Amino acid sequence: MNAIQPRLVVGALLAALSLAASACGSAGETAVAAVGGATLSEDDFEAILEGTGTENTSVVSSEEAALRVGEWILFESWIDLAEQGGTELSGLHLDSAREEQESARALDPTVPAVDTRYGRIQQRYRAVPHLIADHVIAISDVSALCSSHLLVETQAEAVAAIARLDAGEDFAALAAEVSIGPSGTSGGDLGCVAPSAFVSEFVDGAAAVGGAGLSDPVQSQFGWHVIRVRSFGPLERGRHQEMTSDELTSFVLDNHGAELQQLQAELFDRDISVDPRFGVFDPNAGVVVSKSSTTGAITRADTSQS
């Protein structure tokens, strides 16, 4: 079988997620920045600064302000890109993010509670990778094959293995006993992977099962396979029962790097603005260029001025 493709991390997004996050402002508040119809309000920006350790939020360094605003633009641009493409940030994404955040908080009490302003901000942006995954699913051909197999040298051995399975023997125990493949020691389990990870004969044999079940003997360059298919088909949340929401998201980000790169190329091709007191957004670099270093700091009270 071919090697599984290495993970393509949505680098800046996932790195920024560990540092800070932000949210859409309320109507009528002074906007620090805007992406499409979303705005970063003064109140949310203050919550971000407090949540990331700024002691005096009334005066913030130009570099810190540019960093935090730039992170917000990054997250909000992903949301706007997905929504413009027809995939909305939904309660399903937010529920997954809530579970992640509550689990993280159980281990680290410095993680903000979801019922706080900054906690809600964090929840919203923990949901972004799930949103991106669902957007890739919506616009691309994304399938998963969840299976186990045992590998033997001859067709006769494969037929004999199937007879033993039909008689009620446990697949994992039989694979551990007779399989010559590297997965034999783990009961033949191959997990849920992209069909492209396998040679074509294996995929065709699994597809011929027509759902969950046991394949006929399948010959490939490696020998003879007996495949136990658990699920096979287009990827969507809930279809492959053994995949958690996190695992589905990771599966898409791991296996669809080309689609992610194409989306990243369009990421900042949208209406993005920044209050000039905080800097200027550079769409080529994807960052906010801070105010002149001679200024040094921004007095946030100035942001309400025209």
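Residues numbered from 1 in each chain as written. Predicted model: local features only at pLDDT ≥ 70, side-chain atom pairs only at ≥ 80, totals over all residues. Heavy atoms only, no water.

Undergrad: Let's hear about the overall build of the protein chain: which residues, and what values?
TA: Looking only at helices and strands, the protein chain features eleven helices and twelve strands. In the protein chain, which comprises 306 residues, the share counted as buried stands at 49%. In the protein chain, the proportion of contacts linking residues at least 24 apart, taken out of those at least 6 apart, comes to 69%. Element-wise, carbon and sulfur atoms account for 49% of the exposed surface of the protein chain, whose accessible area totals about 14,200 Å². (Helix = DSSP H or I, 4+ residues; strand = E, 2+ residues; numbered from the N terminus. Buried < 20%, exposed > 50% of the residue type's maximum accessible area, 1.4 Å probe, protein only. Contact = heavy atoms within 4.5 Å. Areas by Shrake-Rupley, 256 points an atom, 1.4 Å probe, with all protein chains shown as cover.)

Undergrad: Kindly report on helix α3 (residues 62-84), identifying the contributing residues and their values.
TA: Here α3 is 23 residues long and its end C-alpha atoms lie 32 Å apart, about the 33 Å a rise of 1.5 Å per residue gives. With respect to burial, α3 is a largely interior element, 19 of its 23 residues being buried. Looking one or two residues beyond α3, the residue adopting positive phi is Gly 86, at roughly 100°. (Expected span 1.5 Å × (residues − 1).)

Undergrad: Tell me what's going on with the pairing of strand β4 (residues 143-152), and back it up with residues and numbers.
TA: The element β4 is extensively covered by neighbouring structure, given that ten of its ten residues are classed as buried. Neither face of β4 is open: one carries Ser 143, Leu 145, Ser 147, His 149 and Leu 151, the other Ala 144, Cys 146, Ser 148, Leu 150 and Val 152, and all of them are buried. As paired strands, β4 and strand β8 (residues 223-234) are joined by ten bridges and run antiparallel to one another. Paired with Ala 144 across the strands is Gly 233, a residue of β8. (Pairing = 2+ DSSP bridges.)

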